[in-house]
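# Inside the fold
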Amino acid sequence: MSVLVYTEVSKGKIKKSSLEAVSYASKIAAELNTTATAVIVSDGDVADLGKAGAKKVLKLKNAKLAVLDSMYVAAAVEQAATAEGADVVVFAHDFSGKAIAPRFAAKLKAGIVAGATEIPTISGGTFSVRKNVFSGKASAVYTINSAKKVVSLLPGCFPADLSGGAAEVADFAVNLDAVNSPIKVKEVKQTSGEISMLDADIVVSGGRGLKGPENWGMIEQLAKELGAATACSRPVADMHWRPHHEHVGQTGFAIRPKLYIAIGISGAIQHLAGVNGSKTIVVINSDKEAPFFKSADYGIVGDAFEVVPKLIEAVKKFKAN
């Protein structure tokens, strides 16, 4: 028996959320007196998977996996889980994990907890997992009673421990001839030169207070000086000022950076649901009654067009020293 964990590569490196999931899976494996096996589709440097706690790495091989269709990936992971005798399978609760984990759980008739925030409590035959509910305002504990168990880990809530050793690496051929997916991928576009907000320690985010896409330059400049990723509120993405992959919130991506800087964002509960796990929140808004100030660690009441340029200059001076 082993614990299986699905991992991904981004720009040749293991994604931060995947490393967190591997460390999380290795802790579960230790509780069960077994080991963690990582499975991966993309090619890349897998050394960090061993450092994060995986004892074995299986590279899933089939031409159909190249487009990362969730139906094909779920079937491939199922075959790996069966071969490894895995009763617990872990995913990162990110874009891919949200698509693959439910399909995989349905295939195995497994109970699933999506967005776990803590190591499961395993005692006396019970397997209980804590996760956030009500947009992060509370937490609940779910017990999985099925023989097979699936858990997806909320990114940023469990640090990756890279103190482990090397893992055994092997290719694992999967047969997907019986899998028919209705999804037809016409084109794959990859961003370049950007820091992923899902992996970033610092995120600079803008809202409608910026008044238009032509003013986004100062957001990007501040992010560049800080080595940060950029993000936006839902209205900004809906108005096509920014691409939807930058949208954070309840209907977008949930992020947990060390520092989140919100500029011109009122702080509706739907937005807070995606960022309230941030270690430190800084809010810049001209409206002193903006709801976001109630959740902020630091707040600046002022015009973003005056505050942000001064902040950029201050960062430049600090870096020069």
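Being a predicted model, the structure only gives us computed values, none of them experimental.

Turning our attention to the pairing of strand β16 (residues 280-285). Where burial is concerned, most of β16 is hidden: five out of the six residues are buried. In this sheet, β16 lies alongside strand β15 (residues 259-263) in parallel orientation, the contact comprising five bridges. Along β16, the bridge assignment pairs Tyr260 with Ile281. One crossover worth recording links β15 to the parallel β16 by way of helix α7 (residues 269-275), and it is right-handed.

Take the side chain of Lys15 next. Here Lys15 lies in the loop between β3 (13-14) and α1 (16-31). The residues touching Lys15, leaving out its near neighbours within four places in the chain, are Glu8, Val9, Ser10, Asp94 and Asp199.

As a further point, take the sheet that holds β15. Across the sheet, which stays open at both edges, the five strands sit in the order β14-β13-β15-β16-β17 with parallel pairing between neighbours. Here the strands that pair on one side only, and so sit at the sheet edges, are β14 (229-232) and β17 (298-301). Here the average twist between neighbouring strands, direction ignored, is 15 degrees. The strands touched by helix α8 (residues 304-320) are β15, β16 and β17; relative to β16, the strand with the most contacts, the crossing angle is about 130 degrees.

Attention shifts here to α8. Taking 1.5 Å of rise per residue, the 17 residues of α8 would be expected to cover 24 Å, and the 24 Å separating its terminal C-alpha atoms lies within 8% of that figure. All of the buried residues in α8 are Ala304, Val307, Val308, Ile312 and Val315. Down the axis of α8, the buried side of the element spans an arc of 135 degrees, and every buried residue falls inside it. Of the residues in α8, the exposed ones pointing more than 90 degrees away from the buried face are Glu306, Lys310, Lys317 and Ala320.

Counting 33 residues, the largest nonpolar core has Tyr24, Leu49, Val90 and Val129 as the members making the most contacts within it. Counting residues per element, the ones that place at least two in this core are β1 (2-7), α1, β4 (35-40), β6 (86-92), β7 (111-116), β9 (126-133) and β11 (149-153). Sort the elements by how many residues they give to this core and α1 lands first, with seven residues. Once residues lying within four places of it in the same chain are set aside, the contact partners of Tyr24 are Val90, Ala116, Glu118, Ile119, Pro120, Val129, Val151, Leu153 and Phe158. Judged by nonpolar contacts, the second largest core, of 29 residues, contains Leu58, Tyr72, Leu108 and Phe172.

Calculation rules
- Residues numbered from 1 in each chain as written.
- Predicted model: local features only at pLDDT ≥ 70, side-chain atom pairs only at ≥ 80, totals over all residues.
- Heavy atoms only, no water.
- Buried < 20%, exposed > 50% of the residue type's maximum accessible area, 1.4 Å probe, protein only.
- Helix = DSSP H or I, 4+ residues; strand = E, 2+ residues; numbered from the N terminus.
- Pairing = 2+ DSSP bridges.
- Right-handed = clockwise from strand over helix to strand, strands pointing away.
- Contact = heavy atoms within 4.5 Å.
- Axes fitted to C-alpha atoms, helices over the stretch in contact; angles between N-to-C directions.
- Expected span 1.5 Å × (residues − 1).
- Arc of directions from axis to C-beta.
- Core = buried A, V, L, I, M, F, W, Y, C linked by side-chain atoms within 4.5 Å.

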